[in-house]
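Here is how the chains run, residue by residue.
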Amino acid sequence: MTYDGTQLIHTGVEERDNRLTVTFPATGRFAYFCAIHPGMAGLVNVVPAGQPYTTRSEAWVQAEAENRAVLGLVPVARQQGLAGYRQTTRPDGTSLWEVQVGSVVRGPTGYLELLEYFPPTVRIRAGDTIRWKASSPHTVTFLPAGQPPFDPFEMPPAKPSQNYDPTRLYHSGVLGLTEFIGPDAPREFDLTFPNPGTFPYVCLLHAPLGHVGTVVVESR
Ligand SMILES: [Cu+2]
């Protein structure tokens, strides 16, 4: 594939673990970006013959500076994520818990996202409801015993009942695809937990990176 700035090159989202090889026949500065992750952008600077490339040590120095800038945003992102954690008592005495999914902070050299549920473990009482809210791409997925993880872009959302039943699959679908679909993209998922127990769940996009959560339900 060659790119001179006049045509579209798009990997798509389904071709996972894929490789894209592009040849740049013309000099110039060519910007590219990830259509899913806001602020994830790159630039290819094609210099004329005879001009030096970016060396590995230059790239390293720049990356280190960007790392320092972005890691300084971690406390801000954590605070922002936990700011979305709320408990509301409903007329019947049960609680509605709001849990933010992921927390994005934009900085001068890019953006930082914490791939977490805020908080990762929620302790509630039987009859309470949790509402998860995502403004970036994540899932809330409760896999029944024996069901392996799957590609969340392939499987439609599943909510067989409002009351959580651990023998069934509950899957929000990919929430927060706002940059991709637009403002109408689904952002929320809620479930009621009628019975005590400990129920692990995962984000199918980021579970290998540690994006997992637990709901601990105590008797009322
Ligand atoms: Cu995630």
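Report follows, based on the coordinates. (Residues numbered from 1 in each chain as written. Predicted model: local features only at pLDDT ≥ 70, side-chain atom pairs only at ≥ 80, totals over all residues. Heavy atoms only, no water.)

### Description of the overall build of the protein
In step 1: In terms of helices and strands, the protein carries three helices and 12 strands.
In step 2: Summarising its shape, the C-alpha atoms of the protein cover approximately 75 × 35 × 30 Å along the three principal directions.
In step 3: Out of the 220 residues in the protein, the part that is buried amounts to 35%.
In step 4: Taking the 17 positively charged and 20 negatively charged side chains of the protein as two groups, their mean positions are separated by 6 Å. (Helix = DSSP H or I, 4+ residues; strand = E, 2+ residues; numbered from the N terminus. Buried < 20%, exposed > 50% of the residue type's maximum accessible area, 1.4 Å probe, protein only. Lys, Arg positive; Asp, Glu negative; His and termini not counted. Charge placed at Lys NZ, Arg CZ, Asp CG, Glu CD.)

### Considerations on the pattern of salt bridges
In step 1: Tallying each qualifying case throughout the model produces eight salt bridges.
In step 2: Between glutamate 98 and lysine 133 there is a salt bridge, with its nearest N and O atoms 2.8 Å apart. With glutamate 98 in strand E4 (residues 95-107) and lysine 133 in strand E7 (residues 129-134), this pair connects stretches of sequence that are 35 residues apart.
In step 3: For arginine 220, the salt bridge is made with aspartate 128, and the minimal N-O distance between the two is 2.6 Å. (Salt bridge = Lys/Arg side-chain N within 4 Å of Asp/Glu carboxyl O.)

### Some words on the packing of aromatic side chains
Geometrically, a pair of aromatic rings is defined through the distance of the ring centres and the angle of the planes.
In step 1: Taken as a whole and judged by the stated rule, the model has 15 aromatic pairs.
In step 2: Judged by centre distance (5.9 Å) and plane angle (65 degrees), the rings of tryptophan 132 and phenylalanine 142 are edge-to-face. Highlighted residues: tryptophan 132 in strand E7 and phenylalanine 142 in strand E8 (residues 141-142), separated in sequence by 10 residues.
In step 3: Ring geometry for phenylalanine 142 versus tyrosine 201: centroids 4.9 Å apart, planes at 25 degrees, classification stacked. One end of the pair, phenylalanine 142, is in strand E8; the other, tyrosine 201, is in strand E11 (residues 197-202), with 59 residues separating them in the sequence.
In step 4: Tyrosine 201 gets classed as buried once you look at its relative accessible area, which sits at 2%.
In step 5: Among the aromatic side chains, those forming a connected cluster through ring pairs are Tyr117, Trp132, Phe142, Tyr164, Tyr170, Phe189, Phe193, Phe199 and Tyr201.
In step 6: Across the ring face of phenylalanine 189, the terminal group of lysine 159 is positioned such that the distance to the ring centre comes to 5.4 Å. (Phe/Tyr/Trp six-rings, centres within 6.5 Å; stacked < 30°, edge-to-face > 60°. Lys NZ or Arg CZ within 6 Å of the ring centre and 35° of its normal.)

### Points about the coordination of the copper ion
In step 1: Protein-derived ligands of the copper ion are His138 (ND1), Cys203 (SG), His206 (ND1) and His211 (ND1), with the metal-ligand distances lying across 2.0 to 2.3 Å.
In step 2: Around the copper ion sit four donor atoms, and with donor-metal-donor angles ranging over 96 to 124 degrees the site reads as tetrahedral.
In step 3: Of note, the donors binding the copper ion are all from one chain and are spaced H-x64-C-x2-H-x4-H. Of this pair, histidine 138 sits in the loop between E7 and E8 while histidine 206 sits in the loop between E11 and strand E12 (212-218); the two residues are 68 residues apart in sequence, bridging distant segments of the chain. (Donors = N, O, S within 2.8 Å, 3.2 Å for Na, K, Ca; no water. Tetrahedral: all angles 85-135°; square planar, octahedral: opposite > 155°, others 65-115°.)

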